[in-house]
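Letter by letter, the chains look like this.
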Amino acid sequence: SVAKGPYAERFGGQLVLVTGAASGIGRATAFAFAEAGARIVAVDRDAEGASRTAEMARLIGSPEAWGETVDVSDETAMEKLAEKVAREYGIVDVLVNNAGIGLSGSFFETTSEDWKKVLDVNLWGVIHGCRIFGKQMSERGQGGHIVNTASAAAYQPSKALPAYSTSKAAVLMLSECLRAELAGKGIGVSAICPGFVNTNITSTARFAGVSADEEKRRQKKSSRLYGLRNYPPEKVASAILRAVVRNQAVVPVTPEARGAHFMS
Ligand code: NAI
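As annotated in an unreviewed UniProt entry, the chain carries the name SDR family oxidoreductase and comes from Streptomyces beijiangensis.

Caption draft 1: The site of the ligand, seen in detail. Taken together, the neighbourhood of the ligand is formed by 30 residues, with G20, G24, G100, T199 and I201 sitting nearest. Contributing elements (two or more residues each) for the shell around the ligand: α2 (24-35), α5 (112-140) and α7 (200-204). Looking at the shell around the ligand residue by residue, the classes come out as 11 nonpolar, 15 polar and 4 charged.

Caption draft 2: Molecular detail of the nonpolar core. In this structure, L17, F33, I40, A42, I192 and I240 are the most contacted members of the largest nonpolar core, which totals 77 residues. Excluding its chain neighbours within four sequence positions, the residues that come into contact with I240 are T29, V96, V147 and I192.

Caption draft 3: The arrangement of the sheet that holds strand β7 (residues 187-194) in detail. One open sheet holds the 7 strands; their spatial order is β3-β2-β1-β4-β6-β7-β9, and the pairing between them is parallel. Each having just a single partner strand, β3 (65-69) and β9 (250-253) make up the two edges of the open sheet. Across the sheet, the mean angle separating the axes of adjacent strands is 15 degrees when strand polarity is ignored. Note that strand β6 (residues 144-149) and β7 share 6 bridges and pair parallel. In the sheet register, N148 faces β7, and the bridge partner there is A191. Its contacts with the sheet put α2 on β1 (15-19), β2 (39-44), β3, β4 (94-97) and β6, and the angle it makes with β1 is roughly 170 degrees. Across the face of the sheet, helix α9 (residues 233-246) comes into contact with β4, β6, β7 and β9 while running at roughly 155 degrees to β7.

Caption draft 4: View of the pairing of β6. In terms of burial, β6 is largely enclosed, as 6 of its 6 residues are buried. Of the pairings in the sheet, the one linking β4 to β6 comprises 4 bridges and is parallel in character. Looking at β6, one finds that V96 is bridged to V147.

Caption draft 5: Spotlight on the environment of W66. The topology assignment puts W66 in strand β3. Here W66 falls in the buried class, since 21 other C-beta atoms lie within 10 Å of it. Along the primary structure W66 and N122 are separated by 56 residues, whereas in three dimensions their C-alpha atoms are 23 Å apart. With near-sequence residues (within four places) excluded, W66 lies in contact with V41, A54 and Y89.

Caption draft 6: Structural detail: the confidence of the model for the chain. Averaged over the chain, the pLDDT score is 92; the fraction of residues at 70 or greater is 88%. Scored by ipTM, the complex comes to 0.99, with pTM at 0.93.

Definitions and limits used
- Residues numbered from 1 in each chain as written.
- Predicted model: local features only at pLDDT ≥ 70, side-chain atom pairs only at ≥ 80, totals over all residues.
- Near = placed C-beta within 6 Å.
- Helix = DSSP H or I, 4+ residues; strand = E, 2+ residues; numbered from the N terminus.
- Nonpolar A, V, L, I, M, F, W, Y, C, P; charged D, E, K, R; others polar.
- Core = buried A, V, L, I, M, F, W, Y, C linked by C-beta atoms within 7 Å.
- Buried ≥ 20, exposed ≤ 12 C-beta atoms within 10 Å, placed from the backbone.
- Contact = placed C-beta atoms within 7 Å.
- Pairing = 2+ DSSP bridges.
- Axes fitted to C-alpha atoms, helices over the stretch in contact; angles between N-to-C directions.
- pLDDT = per-residue confidence, 0-100.

Take a look at the structure:
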């Protein structure tokens, strides 16, 4: 095996499924598990991106890696995916529910459609993943781990991100409830809470009612406040692997996320 890094032994031979794996934190996470020797299912609604991640994962060290196209908010599509994965690749050992979309805009600027869109992906996507793959893990009876990408926004209120923050607060609580339920089965559940990370979501999120200029000003202000804009997704990926190895419940990542968690 070409597995390397501190966790090579831990993940060699395991099957790891990452959603939102075409870009940013999900892609970096797929690569980190690949480096540790895991077999990878890279899932995204961006088909090309998912297969590109799988291809790279193989080059990096994954013995087998596949790209799968699915919209995580589509329950039927997620069920079909889980059946296919179980049939063709095996039962997932580590599930990373990471797919998410950004949405900023004050509460009164946020339309019902905006709320629905963001909750459909950020919350329902995680619910579907946990229920469908968690059930398979639990029925197999050999443990496993579920990681949900929440956000520091889950515990740090902001008037610019009410819908997004609410979706992430729900993911955080869902993770803690499920952690309690699955503990007896040897299945760990972790919620990862990054602050500002340099990815597409932070540069191309749709901003309801917020002009591009306003958004730039907001980002500049937060970068002044936090003094950082360049936290790499690779460091979030390392935190995710560590969370699985150490079975950590809630993991604030980035200095400002740790600060806000300490205060909350
Ligand atoms: P990204 O935009 O680079 O990656 C998100 C990926 O999810 C994309 O490849 C996209 O195609 C995919 N995706 C979106 N909706 C999907 C759907 N319905 N079904 C399947 N795939 C879908 O963004 P990033 O930053 O890597 O985000 C990953 C996660 O991290 C998200 O849940 C985000 O909310 C969370 N997060 C990001 C932070 C940041 O500052 N970048 C901070 C805290 C949390």
